[in-house]
Amino acid sequence: FLKKIANGFIEGGDVLVVAATRTILVGISARTDAVGVAELRAIVSKVGYAVEQIQTPPDLLHFKTDCGLVDEGVVLATSRLAASGCFDGAGLRVVEVKDGEDACANCVRFNDVVLIPRGFPRTVRKLKQLGYNI
């Protein structure tokens, strides 16, 4: 189904859909505002999804700069985002990236493969130890 946000703003990089719990986490940022989040909440509530509004740390472009789903119940995140408590109550297990490898938190899962840029060997090793295909 396709709906247009008529009021406010939502940027895709601020939206993390957790289908397993029917929850959508939306980070407030320079590109996403509370009015847009409220309108998204009204739209998706009709199909059984809840929306959780999160304050994106001020030095981030968008929420998913610091996180990405590696499977339906696990999010890869930076320590600063994990420490913010934004994943509390979302039904997610948080795996933190290794120190100095924050940029790889912005990962993409495609089928059973997690796509991470080169240059983050410690986080890749950690994910492989947890059984993920990188």
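Quick note: structure is the one above.
Residues numbered from 1 in each chain as written. Predicted model: local features only at pLDDT ≥ 70, side-chain atom pairs only at ≥ 80, totals over all residues. Heavy atoms only, no water.

### Thoughts on the sheet that holds strand β3 (residues 50-55)
The test is simple: Two strands pair under a simple rule: DSSP has to find at least two bridges between them. Strands are runs of DSSP state E lasting at least two residues, helices are runs of H or I lasting at least four, and both sets are numbered from the N terminus onward. Axis definition: a line fit to C-alpha positions, over the contact stretch in the case of helices; interaxial angles, taken between N-to-C directions, run 0 to 180 degrees. Pairs of residues are marked as contacts when any of their non-hydrogen atoms sit within 4.5 Å.
One open sheet accounts for three strands, arranged β1-β2-β3; its pairing is mixed. Looking at strand neighbours, the two that pair on one side only are β1 (15-18) and β3, the edges of this open sheet. Adjacent strand axes in the sheet meet at a mean angle of 20° when their direction is disregarded. Summarising the sheet, β1 and strand β2 (residues 23-28) pair through four bridges and their orientation is antiparallel. Bridge assignment links Leu16 to a residue of β2, and that residue is Leu25. Packing against the sheet, helix α1 (residues 34-44) makes contact with β2 and β3, and its axis sits at approximately 165° to β3.

### Examining α1
Residues that lie three or four places apart on an α-helix share one face, since the helix turns once every 3.6 residues. For the record, the criterion: Per-residue accessibility, obtained with a 1.4 Å probe over protein chains only, is compared with the maximum for each type, and a residue is labelled buried under 20%, exposed over 50%, and partly exposed between these values. An arc is given here, and it is the one of the directions from the helix axis to the C-beta atoms.
Residues Gly36, Val37, Glu39, Leu40, Ile43 and Val44 constitute the buried set of α1. For α1, the arc enclosing every buried residue in end-on projection is 165°, short of the 170-degree limit, so these residues lie on one face. Against β2 and β3 lie the buried residues of α1.

### Some thoughts on the side chain of Thr78
Looking at the secondary structure, you find Thr78 in the loop between β5 (74-77) and α2 (79-83). When its relative accessible area of 0% is taken as the criterion, Thr78 is described as buried. For Thr78, the residues in contact, after removing those within four places along its chain, are Asp66, Val97, Asp102 and Ala105.

### Concerning the sheet that holds strand β6 (residues 93-96)
Backbone-to-backbone hydrogen bonds join strands into a sheet, with any given pair of strands oriented parallel or antiparallel. Sheet architecture is open: three strands sit in the order β4-β5-β6, paired in mixed fashion. Every other strand in the sheet has two partners, leaving β4 (67-71) and β6 as the edge strands with one partner each. Within the sheet, the average angular offset between the axes of one strand and its neighbour, ignoring direction, is 30°. Direction of pairing for β4 relative to β5: antiparallel, over a ladder of four bridges. Residue pairing in the sheet places Leu69 in a bridge with Val75 of β5.

### Notes on the packing of aromatic side chains
Between two aromatic rings, the relevant description is the distance of the centres plus the angle of the planes. Using the following cut-off: Geometry of aromatic contacts follows a simple scheme: Phe, Tyr and Trp rings, the Trp one being its six-membered ring, pair when their centres are within 6.5 Å, and the pair is stacked under 30 degrees between planes, edge-to-face over 60, tilted otherwise.
If you walk through the whole model with that rule in mind, you get one aromatic pair. Taking the centre distance of 6.1 Å and the plane angle of 40° together, the rings of Phe63 and Phe87 count as tilted. In this pair, Phe63 is assigned in the loop between β3 and β4 and Phe87 in the loop between α2 and β6, connecting sequence segments 24 residues apart. Neither residue differs from the other here; Phe63 and Phe87 are each classed as buried.

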